[in-house]
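Given next are the chains, with one letter for each unit.
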Amino acid sequence: ALTFYPFIAIYLQPVIIPARRCLAACAAFLAMTDSLDHLMATPHAGLITADMFRQDVRLFLNKCITAGWRQHLHPKSHWAVHMPRHNDHFRSILK
């Protein structure tokens, strides 16, 4: 999935979004791709901060709610919200 999501994002932007199809779902997916990109960039010290990732997660979850997916957000969906706090405590994920 981590290999394939950029291709979906590339397809959504010039094809699906201009066609005005599933705009809220596309926005949620693109917010997820931003947070995944930032998470995968964390080994490069100093590029991504815990606050940046915190904003990414907040935006993604809000976009999911806007897309009407609230009922699909099970309790595990909030785990990403805790990652920046865990990083602040353990100093291991985000620098």
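Anything mentioned here points back to the structure above.
Once a new chain begins, its residue numbering starts again from 1 and follows that chain's sequence as written. Given that the model is predicted, a residue must reach a pLDDT of at least 70 before its local features are reported, and side-chain atom pairs must reach 80 or more before they are shown or counted; all residues, however, enter totals for whole chains, interfaces and linings. Side-chain descriptors were evaluated using all non-hydrogen atoms of the structure, hydrogens and water having been removed beforehand.

Peer 1: Please provide a residue-by-residue account of a nonpolar patch on the surface, values included.
Peer 2: For patches, a residue must show more than 30% relative accessible area and have no salt bridge; joins then use 9 Å for like charges and 5 Å for nonpolar side chains, namely Val, Leu, Ile, Met, Phe, Trp and Tyr. Methods summary: accessible areas were calculated by the Shrake-Rupley approach with a probe of 1.4 Å, and residue burial reflects only the protein chains presented. Any carboxyl oxygen of Asp or Glu that lies within 4 Å of a side-chain nitrogen of Lys or Arg is treated as forming a salt bridge with it. On the surface, a cluster of nonpolar side chains totalling about 430 Å² of accessible area is made up of Phe4, Phe7, Ile8 and Ile10. The way it works is that DSSP assigns letters per residue, a run of H or I at least four long becomes a helix, a run of E at least two long becomes a strand, and they are numbered from the N terminus. With respect to the helices and strands, Phe4 occurs in the segment before helix 1 (5–16).

Peer 1: Kindly report on helix 3 (residues 50–66), identifying the contributing residues and their values.
Peer 2: Taking 1.5 Å as the rise per residue, helix 3 with 17 residues should run 24 Å; its terminal C-alpha atoms sit 24 Å apart, in good agreement. Each residue's exposure class comes from its accessible area (1.4 Å probe, protein chains only) as a fraction of the maximum for that residue type: buried when under 20%, exposed when over 50%, partly exposed otherwise. For helix 3, the set of buried residues is Ala50, Phe53, Asp56, Val57, Leu61 and Cys64. One face of helix 3 carries all of its buried residues, which in axial projection span an arc of 120°. Among the exposed residues of helix 3, those oriented more than 90 degrees off its buried face are Gln55 and Thr66. At the exit of helix 3 stands Gly68, carrying a positive phi of roughly 85°. For a helix, the expected span equals 1.5 Å multiplied by the residue count minus one. Here the arc refers to the directions that run from the helix axis out to each C-beta atom.

Peer 1: Can you lay out the side chain of Ser35 for me, pointing to particular residues and giving the numbers?
Peer 2: Tracing the sequence through the fold places Ser35 in helix 2 (residues 23–40). Contacts between residues were defined by any pair of non-hydrogen atoms, one from each residue, lying within 4.5 Å. Beyond its immediate chain neighbours, meaning those up to four positions away, Ser35 contacts Phe53 and Asp56.

Peer 1: Tell me about unusual backbone geometry, and name the residues and values.
Peer 2: Although it is not a glycine, Arg20 adopts a positive phi angle of roughly 60°. By the element assignment, Arg20 lies in the loop between helix 1 and helix 2. Even without glycine at this site, Cys22 takes up a positive phi of about 50°. The exposed category is assigned to Cys22, whose relative accessible area is 54%.

Peer 1: Can you explain the pattern of salt bridges? Please cite residues and give values.
Peer 2: For the structure on display, the rule yields 1 salt bridge. Here Arg54 makes a salt bridge to Asp51, at a shortest N to O gap of 2.5 Å. On the criterion of helical spacing, the pair formed by Arg54 and Asp51 is a turn pair, its members being 3 residues apart in helix 3. For Asp51, a relative accessible area of 49% gives the class partly exposed.

Peer 1: Can you tell me about the packing of helix 2 against helix 3, naming the residues and giving the values?
Peer 2: Think of each axis as a best-fit line through the C-alpha atoms, taken over the contacting stretch in the case of a helix, with angles from 0 to 180 degrees between the N-to-C directions. Orientation of helix 2 relative to helix 3, taken along the N-to-C sense of each, is 160°, at an axis distance of 8 Å. By the angle class used here, helix 2 and helix 3 are roughly antiparallel. Handedness of the crossing formed by helix 2 with helix 3: left-handed. Touching Ala24, Ala27, Ala28, Ala31, Met32, Asp34, Ser35, His38 and Leu39 of helix 2 are Met52, Phe53, Asp56, Leu59, Phe60, Lys63, Cys64 and Thr66, all from helix 3. Ten residue types, Ala, Val, Leu, Ile, Met, Phe, Trp, Tyr, Cys and Pro, are classed as nonpolar, four, Asp, Glu, Lys and Arg, as charged, and the remainder, Gly among them, as polar. When the residues that make up the contact of helix 2 with helix 3 are grouped by side-chain class, the tally is 11 nonpolar, 3 polar and 3 charged. Our angle categories are set so that under 35 degrees counts as roughly parallel, over 145 as roughly antiparallel, 65 to 115 as roughly perpendicular, and the remainder as oblique. Crossing handedness is defined as follows: a turn of the near helix away from the far one that is anticlockwise and smaller than a right angle gives a left-handed crossing, while the clockwise case is right-handed.

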